[in-house]
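# Geometric and topological summary
Spelled out, the chains give:
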Amino acid sequence: MTVRSTARTAPTASTPDLSSQDPGWWRQAVIYQVYPRSFADADGDGLGDLRGITQRLTHLAALGVDALWLSPFYPSELADGGYDVDDYRDVDPRLGTLDDFDAMAAEAHRLGLKVIVDLVPNHTSHRHAWFREALAAGPGSAARDRYVFRDGRGEHGELPPTDWQSVFGGSAWQRVPDGQWYLHLFAPQQPDLNWENEQVRADFRTTLRFWCDRGVDGFRVDVAHALVKDLGEPLRDLGAPELSGEAALAEFAPGTHPFYDRDDVHEVYRDWRKIFDTYSPPRTAVAEAWVPGPRRVLYARPDELGQAFNFEYLQGGWDAAKLRGIITGSLADAHAAGASATWVLSNHDVVRHASRLVLPPGTDPDAWLLSGGRAPAVDAAAGLRRARAATLLMLALPGSAYVYQGEELGLPEVADLPTEVLQDPIWEQTGHVRKGRDGCRVPLPWTTDGPSYGFGTGGAWLPQPPGFGGYSVQAQDGVAGSTLELYRTALRLRRKLLDGESLTWSDDVPAGVLRFDRSDTWRCVTNLSGTTVDLPAGEVLLSSAPLDGGRLGPDTTVWLGL
Ligand code: NOJ
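This text gives an overview of the structure that appears in the document. (Residues numbered from 1 in each chain as written. Predicted model: local features only at pLDDT ≥ 70, side-chain atom pairs only at ≥ 80, totals over all residues. Heavy atoms only, no water.)

### Description of the packing of aromatic side chains
This structure, assessed with the given rule, holds 31 aromatic pairs. Pairing Phe-131 with Phe-149 gives two aromatic rings, centres 5.9 Å apart and planes at 20°, and the pair type is stacked. In this pair, Phe-131 is assigned in helix α4 (residues 129-137) and Phe-149 in strand β4 (residues 149-150), connecting sequence segments 18 residues apart. With 4.9 Å between their ring centres and 85° between their planes, Phe-210 and Trp-211 make a pair best called edge-to-face. Here Phe-210 falls in the partly exposed class, since its relative accessible area comes to 21%. The exposure class assigned to Trp-211 is buried, which follows from its relative accessible area of 0%. Three or more aromatic residues link up through ring pairs in this structure, and these residues are Tyr-88, Trp-195, Phe-204, Tyr-269, Trp-272 and Tyr-299. Of note, Arg-144 hangs over the ring of Phe-149, and the distance from its end group to the ring centre comes to 4.4 Å. (Phe/Tyr/Trp six-rings, centres within 6.5 Å; stacked < 30°, edge-to-face > 60°. Helix = DSSP H or I, 4+ residues; strand = E, 2+ residues; numbered from the N terminus. Buried < 20%, exposed > 50% of the residue type's maximum accessible area, 1.4 Å probe, protein only. Lys NZ or Arg CZ within 6 Å of the ring centre and 35° of its normal.)

Okay, here's the thing in structure tokens:
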């Protein structure tokens, strides 16, 4: 890693003020995703908690991020890692209390960090008071109307109402003892809400205000594209199981899939924006919507959520031409919608990018995980080198970047978790065909040794592999060239260099190289080819790997000052 020690450019008038009341603070922010149960465990029960997060907030401040986003910490049976919520306005007692949340948010704000919470409006847990009420109240009741209950087909109603499939595998319908069926696009423990029901809409307004009033700065909206469904009778069959997946959206005229990305869903977000704008600064939001680019940015319009995750970038692999196309398209889409672009390489749902980026193109990640990460074997050092280059590229792009806990340590996917410890419902619901997402959710290593590598004083709810301590914060803190120090330096420099929200590509580059300038002060060059190339003009500010005799080796990104 090469670092130029002094800062070079002062922020300009167009650089957003990330620390304060600036209503645009999020447009180029770096947001760190905390998966609470795997971050830090203060009470030693093996499960991360809010007090653990509070104690470790200095790590985020030292890293230099602008905000943290917490995945769900609400009361939950953990049928889907907390995305099955019992009560939207409380804290899981195993993770703490509302007072602990307030203390965490106050400390974050004291350190200059914004706080974003996860909102799960598509479905509740089956343990939610409303769902229990719906089961007790019976068919045709007002309580059932908050969910999607239907009679079955077949002579005795023994067949599900439609052929819709769950994202996690199998039918999206579950039968209840009185014979009716309810819709669950995810696990059976996650019944879908009926967003045509005014009580549902009103209750979420209350939830939004509840968290805004507690000082939360924004929301990440889970499955934002699925809330509004075509529930007119008769419900439509799709005709083939694969048409239930988001990947099939291209087969449908825009807005006509029965449950994804319907035009009317935008009314919900326009309504929420009115609430966000009653606060100062206005609350921000980001849509989790696995929808192709031009439709996805509709969720990010200024009168809706403001941002939407860019999963095309995450799925772009390590191919210069493909990534350039995705970056150009994403910036154009975001600009057209009046939004800022977003970039993400890892999160709690995908194989960590330090492993994913070196899987040969076309590798099915599920098959790879099923092989315990052995077929094909992944070269961890090559993966880390590529991940570091990918990260510096991402952090040079205009817009905001979402960073997933542990990527600043260069953590690889834990692909060989024994099947008996798996918690992700995908494992059971697919009949053991897909292992699921536990391999990116293994609790963080903070220290080189000791119980659960400093995660807590007890164990860890998912086993950490031997050698995890080598990735720990303790092992990397202050170590020149470590991935942690690379992130810290990159974030510090980025904050100083940010200027405007555009980039200018250079076409005069060797094959497999991406090069762009941010204004006339900052240049980013990434070598995705297999050969060493010459460096263009500019003063080296930072590089993801040592330069090769002053030249740029494979899988390396360099930032140059102009
Ligand atoms: C998306 C979340 O990121 C994922 O973890 C969850 O399983 C589904 N939504 C369902 O809530």
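From this point, the discussion proceeds with the structure in view.
### Some remarks on the layout of surface pockets
Approximately 340 Å³ is the volume attributed to the second largest pocket. Contributing to the lining of the second largest pocket are 20 residues, with Ser-355, Pro-412, Glu-413, Val-414 and Ala-415 lying nearest its centre. Only α10 (353-356) and α12 (380-396) provide two or more residues apiece to the lining of the second largest pocket. Of the residues belonging to the lining of the second largest pocket, the class tally is 13 nonpolar, 5 polar and 2 charged. (1 Å grid on protein atoms, 1.4 Å probe; cavity = no way out; pocket = protein on both sides within 12 Å on 5 of 7 lines; lining within 4 Å. Points joined across faces, edges and corners; volume = space filled by probe spheres on them. Nonpolar A, V, L, I, M, F, W, Y, C, P; charged D, E, K, R; others polar.)

### A few points about the packing of α12 against helix α15 (residues 483-497)
Running from amino to carboxyl end, α12 crosses α15 at an angle of 10°, the nearest separation of the two axes being 11 Å. Judged by the inter-axis angle, α12 sits roughly parallel to α15. Each of Leu-384, Arg-388, Thr-391, Leu-392 and Leu-395 in α12 lies in contact with α15, whose residues at this interface are Thr-483, Leu-486, Tyr-487, Ala-490, Leu-491 and Arg-494. (Axes fitted to C-alpha atoms, helices over the stretch in contact; angles between N-to-C directions. Parallel < 35°, antiparallel > 145°, perpendicular 65-115°, else oblique. Contact = heavy atoms within 4.5 Å.)

### What to know about the site of the ligand
Inspection of the region around the ligand gives 14 residues, with Asp-80, Arg-220, Asp-222, His-348 and Asp-349 positioned closest. Between the ligand and Asp-349, the relevant distance is 2.4 Å, taken from an oxygen atom to a side-chain nitrogen or oxygen of the residue. For the ligand, the protein covers 97% of the area, taking 290 Å² as the surface of the free molecule. For the shell around the ligand, the class distribution of residues is 4 nonpolar, 3 polar and 7 charged. (Near = heavy atom within 4 Å. Polar contact = N/O pair within 3.5 Å; in protein donor to acceptor, adjacent residues only side chain to side chain. Areas by Shrake-Rupley, 256 points an atom, 1.4 Å probe, with all protein chains shown as cover.)

### Details of empty space enclosed by the protein
Applying the stated criterion to the full structure yields 6 cavities of 30 Å³ or more. Arg-296, Val-297, Ala-300, Ala-308, Asn-310, Ser-330, Asp-333, Ala-334, Ala-339, Ser-340, Ala-341 and Thr-342 together form the lining of the largest cavity. With 3 residues, the top contributor of residues to the lining of the largest cavity is helix α9 (residues 320-337). When its residues are assigned to classes, the lining of the largest cavity shows 6 nonpolar, 4 polar and 2 charged.

### Some thoughts on the side chain of Ser-125
Positionally, Ser-125 belongs in the loop between β3 (114-119) and α4. At a separation of 2.8 Å, a polar atom in the side chain of Ser-125 contacts the main-chain amide nitrogen of Arg-127. Excluding residues that lie within four positions of it along the chain, Ser-125 makes contacts with Asp-84, Val-85, Asp-86, Phe-131, Gln-189 and Pro-191.

### Considering the sheet that holds strand β9 (residues 306-308)
Strand order in the open sheet formed by 8 strands is β9-β8-β7-β3-β2-β1-β11-β10, with parallel pairing between adjacent strands. Edge strands, defined here as strands with exactly one partner in the open sheet, are β9 and β10 (342-344). The average undirected angle you get between the axes of adjacent strands in this sheet is 25°. Pairing analysis gives 4 bridges linking strand β1 (residues 30-34) to strand β2 (residues 67-70), with the strands arranged parallel. By the bridge assignment for β2, Tyr-32 is matched with Leu-68. Sheet contacts for α12: β1, β10 and β11 (400-404); angle to β11, the most-contacted strand, approximately 150°. (Pairing = 2+ DSSP bridges.)

### Digging into the pattern of salt bridges
Evaluation of the coordinates by the stated rule reveals 37 salt bridges. With a shortest N-O distance of 2.9 Å, Arg-110 and Glu-107 are connected by a salt bridge. You can see Arg-110 and its partner Glu-107 sitting in helix α3 (residues 98-110), 3 residues apart, about one turn around the helix. When its relative accessible area of 19% is taken as the criterion, Glu-107 is described as buried. When the shortest N-O distance is used, the salt bridge between Arg-295 and Asp-261 registers 2.8 Å. With Arg-295 in helix α7 (residues 293-296) and Asp-261 in the loop between β7 (218-221) and α6 (265-276), this residue pair connects regions lying 34 residues apart in the sequence. (Salt bridge = Lys/Arg side-chain N within 4 Å of Asp/Glu carboxyl O.)

### Observations concerning the environment of Val-291
Locating Val-291 in the fold gives a position in the loop between β8 (284-287) and α7. The class of Val-291 is buried, set by a relative accessible area of 4%. Counting along the chain gives 113 residues from Val-291 to Asp-178, while the straight-line C-alpha distance between them is 36 Å.

### Notes on the nonpolar core
Core analysis: the largest hydrophobic core is formed by 160 residues, its most contacted members being Leu-68, Phe-101, Trp-272 and Trp-559. Ignoring sequence-local partners within four residues, the contact set of Phe-101 consists of Leu-50, Phe-73, Val-91, Val-115, Val-117, Trp-211, Arg-214 and Val-216. Val-525, Val-533, Val-558 and Leu-560 belong to the second largest nonpolar core, which has 6 residues in total. (Core = buried A, V, L, I, M, F, W, Y, C linked by side-chain atoms within 4.5 Å.)

### Considering the sheet that holds strand β14 (residues 522-527)
Strand order in the open sheet formed by 5 strands is β12-β13-β14-β16-β15, with antiparallel pairing between adjacent strands. The two strands at the open ends of the sheet, each matched to only one other strand, are β12 (504-505) and β15 (539-543). Strand direction decides the pairing type here: strand β13 (residues 513-518) and β14, joined by 6 bridges, are antiparallel. Across the sheet, residue Val-513 finds its bridge partner in β14, namely Asn-527. In this fold α9 packs onto β12 and β13, with an angle of close to 30° to the strand it touches most, β13. Sheet strands touched by α12: β13, β14, β15 and β16 (556-561). Its angle to β16, the strand with the most contacts, is close to 35°.

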